[in-house]
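# Summary of structural features
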Amino acid sequence: MAVLQKIRNRSGLLLLAIGFALLAFVVQDLFTKGFKSISTDVGSVNGKDISFDEFKIKVANTEKNQQNGQSMTSMQASNQVWNQEVSIALLTAEFEKLGIRVGEKHIVEVFKADPNIGQNQMFLNAAGKFDLAKFKEYFKANPEGIQYLKEREKDADLNAKYQIYNSLVKGGLYTTQAEGKLKYEVETNKVTFDFVNVPFSSIKDSDVKISDDEITAYMKTKEKKFKSEEAREIEYVLIEEKPSAEDEAEIKSKVQSLLNQRVLYNNTIGKNDTIAGFANVKNDAEFVNANSDIPFDSSYVAKQDLPAENAEMLFNLPTGQISAPYMYNGYYCISKALGRKSGAKSKASHILISWEGTQVPNKKEVRTKEQAKAKAESLLAQAKANPGNFFMLAMMNSDDSSAQSGGDLGYFSPGQMVAPFNDFVFNNPIGKIGLVETQFGYHVIQVTDKQDAVKLATIAQKIQPSEITNNKTYEQATKFEMEAASNKDFDALAKQMKLTVSPSVRVKAVDESFGSISNQRQIVKWAFNSDTSVGDVKRFEIVNKGHVIVKLKKVYDKGLMAVEDARPQVEPILKNKKKAEMIKAKLKGATLEALATANKVTVMNAVDLTVENPSIPGAGFEPKVVGIAMSSKVGKLSQPVVGNSGVYVLVTKAETKAPAIQNYDEYVNKLKQQVASYSGRVIQALKENADIDDNRADFY
């Protein structure tokens, strides 16, 4: 009690001390992290901030609304939302600049384009058309949907503005008659010339040196092309938690012991109890569920669906017999055959003929039910008369996507198809052709194959590392971490401990994938932490995988690409430039023959080349060379021309000009088809010219 009283008496002092300690911790954290945690913005686009509070709600909704059962990490959702937010910010600024406004009419048109609204029976009139009055009346009667509608209106407003903006962009993309004429000429004007080509390969790469400074200087002339984001290079060792030989032997022994009768002490009755072995057990399902990591499966399995390496053994196992032990996907297994079923799986092809009103998209033609039946009966007669032609009949006539494969539906089990279809296939022999009606339309069906299947009772136990094995793995991982952290050579240490250093991984601040180990955001965050320096080592424990010991190998700052990264791309360009000068210095002579002799090459001939198709025989794609030939005087030796594969000297022999034509509409239309897709480049162009700050790494 006296102690408690003293604490009470000094509680004010204690709270003050705790307060100072917390303040010191916060201040230290602020200085360490450069006040990053104070920011409430996840980024900005051209100076316009993106609030983290709003951003994280959108990320959470994106994660929650994933379709088809696909999972999405927070970072993946963040990437999706970020791209949307950047695009919206850039487009909104463009809309404001251009004064684009939309009203109710535009928004309603966007709503109508949404099948959930525009084709909803509640909002359609007697003629099957969207009725705006009905739409409005619904929300008056259901006020709880007003907020949802307001959210949809925001998206619809943006969508409507974008449609106007996109129309304006497309309207600015036009093709003139002059461009059509030029297109005609580059396709039709022809030139024939003789030439000498001294290839760049005539000079060894080893004779031409390119310095780091030269590569940097070249990159500075094309900074946009060679700009690089901040990145980190990490090397790592993965020590997997995997079962030892002892663990595997223990599971094998455990599974094999189930084959024979056992005597075990029963605590409930207080005496020994005899347990039947797998071969003699009366209730196979109960026995499997009590002893297997995979529950009993009562279904019949076709041979093609059995484990490939053991399919033959398992499929031909006599009823009541137990298989030899086998491995499958990390499980140690034994199986007992419980029976065989004939025709358990069937394979069929069909031709679907639907009519207006059936729920079949992409119908090949509009028809009534009567017309559909007449066509299906006609196809049935053709198929029966020539069964070998079923593939082509399905390909040419079926409304189903299986038409692309001649109507083939593959193998299926009873109950997988709608009842009339299912009954026909499973009640008829291979080769039978018939006609059935379902809610999708009329089906001309051909039964193409049937498979027997077997029922197996399988005991499968996962071979997993024991606690002893995991402890050994942990000890090995911590030892490697400690020794690597004490400035020991990472590669040499790995070799000494019989481990493998994985290829280095380069990551950006918002990445989460890490080499062969996916979704390791924690490692990426560590690499970008202000406390982490080049040479630092850290161990990470990965659930169901093992231990990853990482070392920060290199830091890449934002700006120009690193020289070693750019070298593979830039060095060949710069080498060819130097080689071109060396070759030009040797190209002395008054004729092509003299030049060819001096450089140990031959005079070659190019016939009727065009600017549109400037491929020179024996040399490759050379538009610059063909262009020079087009513009040179006939019979005159040209100056050296640096091409893609070497240095050329040429003599134009003849030029054929395109004959005059009445108009160039055909060529204008060709160009229009190319230009039509250019509007899709707008957002990327806006991004390339925008000032975008991405601070997501501070939050995720």
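Above this text you will find the structure in question.
Parameters at a glance
Residues numbered from 1 in each chain as written. Predicted model: local features only at pLDDT ≥ 70, side-chain atom pairs only at ≥ 80, totals over all residues. Heavy atoms only, no water. Helix = DSSP H or I, 4+ residues; strand = E, 2+ residues; numbered from the N terminus. Rg over C-alpha atoms; globule rule 2.2 N^0.38 Å. Buried < 20%, exposed > 50% of the residue type's maximum accessible area, 1.4 Å probe, protein only. Contact = heavy atoms within 4.5 Å. Areas by Shrake-Rupley, 256 points an atom, 1.4 Å probe, with all protein chains shown as cover. Lys, Arg positive; Asp, Glu negative; His and termini not counted. Charge placed at Lys NZ, Arg CZ, Asp CG, Glu CD. Pairing = 2+ DSSP bridges. Axes fitted to C-alpha atoms, helices over the stretch in contact; angles between N-to-C directions. Parallel < 35°, antiparallel > 145°, perpendicular 65-115°, else oblique. Core = buried A, V, L, I, M, F, W, Y, C linked by side-chain atoms within 4.5 Å. Salt bridge = Lys/Arg side-chain N within 4 Å of Asp/Glu carboxyl O. 1 Å grid on protein atoms, 1.4 Å probe; cavity = no way out; pocket = protein on both sides within 12 Å on 5 of 7 lines; lining within 4 Å. Points joined across faces, edges and corners; volume = space filled by probe spheres on them. Polar contact = N/O pair within 3.5 Å; in protein donor to acceptor, adjacent residues only side chain to side chain. Arc of directions from axis to C-beta.

## Details of the overall build of the protein chain
Within the protein chain, the regular secondary structure consists of 24 helices and 23 strands. Since a compact globule built from 700 residues should have a radius of gyration of about 27 Å, the 37 Å found for the protein chain marks it as more spread out than a globular shape. Referenced to the eigenvectors of the C-alpha coordinate spread, the extents of the protein chain come out at roughly 115 × 95 × 70 Å. Looking at the protein chain as a whole, 36% of its 700 residues qualify as buried. Sequence-distant contacts in the protein chain: of pairs separated by 6 or more residues, those separated by 24 or more amount to 66%. As presented, the protein chain carries roughly 41,400 Å² of accessible surface, and 51% of it is formed by carbon and sulfur atoms. With 91 positive and 86 negative side-chain charges, the protein chain shows a separation of 2 Å between the mean positions of the two kinds.

## Overview of the sheet that holds strand β1 (residues 41-45)
The 3 strands lie next to each other as β2-β1-β23, forming an open sheet whose pairing is antiparallel. Of all the strands in the sheet, the pair left with one neighbour each is β2 (48-51) and β23 (692-694). Here the strands of the sheet are splayed against their neighbours by 20° on average, with no regard to which way each runs. In this sheet, β2 lies alongside β1 in antiparallel orientation, the contact comprising 4 bridges. Paired with Asp41 across the two strands is Ser51, which belongs to β2. Across the sheet, helix α3 (residues 52-64) lies against β1 and β2, angled at about 50° from β2, the strand it touches most. Along the sheet, helix α4 (residues 74-98) contacts β1, β2 and β23; its crossing angle with β1, the most-contacted strand, is approximately 40°.

## With respect to the environment of Asn362
Relative to the helices and strands, Asn362 is located in the loop between β10 (331-353) and α14 (369-385). It is 36 Å that separates the C-alpha atoms of Asn362 and Leu686, two residues lying 324 residues apart in sequence.

## Quick look at the sheet that holds strand β14 (residues 501-508)
Taken in spatial order, the 4 strands make up an open sheet running β14-β5-β16-β15, and their pairing is antiparallel. Each edge of the open sheet carries a strand with a single partner, namely β14 and β15 (537-542). With direction set aside, neighbouring strand axes in the sheet form an average angle of 30°. Sheet strands touched by helix α19 (residues 521-528): β5 (231-240), β14, β15 and β16 (546-556). Its angle to β15, the strand with the most contacts, is close to 165°.

## Quick word on the packing of helix α9 (residues 177-188) against helix α23 (residues 665-675)
Any two packed helices are characterised by the angle at which their axes cross and by the distance between the axes. The contact between α9 and α23 brings their axes to 8 Å, and the two run at 100°. Judged by the angle between their axes, α9 and α23 are roughly perpendicular. Residues Gln177, Glu179, Gly180, Lys183, Tyr184 and Glu187 of α9 pack against Asp665, Tyr667, Val668, Lys670, Leu671 and Gln674 of α23.

## Here's the deal with the nonpolar core
In terms of nonpolar packing, the biggest core is built from 24 residues, with Phe55 and Tyr165 touching the most fellow members. Listed by contribution, the elements that provide at least two residues to this core are β1, α3, α4, α8 (146-171) and α24 (682-688). Take this core: its biggest share by element is 9 residues, from α4. Once you skip the residues sitting within four places of it in the chain, Phe55 turns out to touch Val42, Ile50, Ser78, Val81, Trp82, Glu85, Arg696 and Tyr700. Ranked by size, the runner-up nonpolar core spans 23 residues in total, among them Val570, Leu574, Ala580 and Leu595.

## Brief notes about the pattern of salt bridges
Tallied over the entire structure, the rule returns 34 salt bridges. A salt bridge links Asp53 to Lys56, with the shortest nitrogen-to-oxygen separation between them at 4.0 Å. Taken together, the residues span about one helical turn, with Asp53 and Lys56 both in helix α3 at a distance of 3 residues. The exposure class assigned to Asp53 is partly exposed, which follows from its relative accessible area of 46%. Looking at Lys56, the relative accessible area reads 39%, which means it is partly exposed.

## Here we look at the layout of surface pockets
Size it by volume and the second largest pocket reaches roughly 960 Å³. Residue lining of the second largest pocket: 23 residues in total, with Lys58, Gln84, Glu85, Ile88 and Asp155 positioned closest to the centre. Listing elements by their share of the lining of the second largest pocket, those giving two or more residues are β2, α3, α4 and α8. In terms of residue count, α4 provides more of the lining of the second largest pocket than any other element does, 7 residues in total.

## Description of the pairing of β15
Here β15 pairs with β16 via 6 bridges, running antiparallel. Counterpart to Glu541 in the pairing with β16 is His547. The hairpin formed by β15 and β16 contains 3 residues between the paired strands, and Asn544 there has a positive phi angle of roughly 60°.

## Some words on the side chain of Asp194
Tracing the sequence through the fold places Asp194 in strand β3 (residues 190-199). Residue Asp194 is classed as buried on the basis of its relative accessible area, which comes to 18%. At 2.6 Å, the side chain of Asp194 forms a polar contact with the side chain of Asn605. Not counting chain neighbours up to four residues away, the residues in contact with Asp194 comprise Leu592, Val603, Met604, Asn605, Val649, Leu650, Val651 and Lys653.

## Notes on helix α10 (residues 212-220)
Listed in full, the buried residues belonging to α10 are Ile215, Tyr218 and Met219. The buried residues of α10 all sit within an arc of 100° when viewed along its axis, so they share a single face. Exposed side of α10, more than 90 degrees from the buried face: Asp213 and Lys220 are the residues found there.

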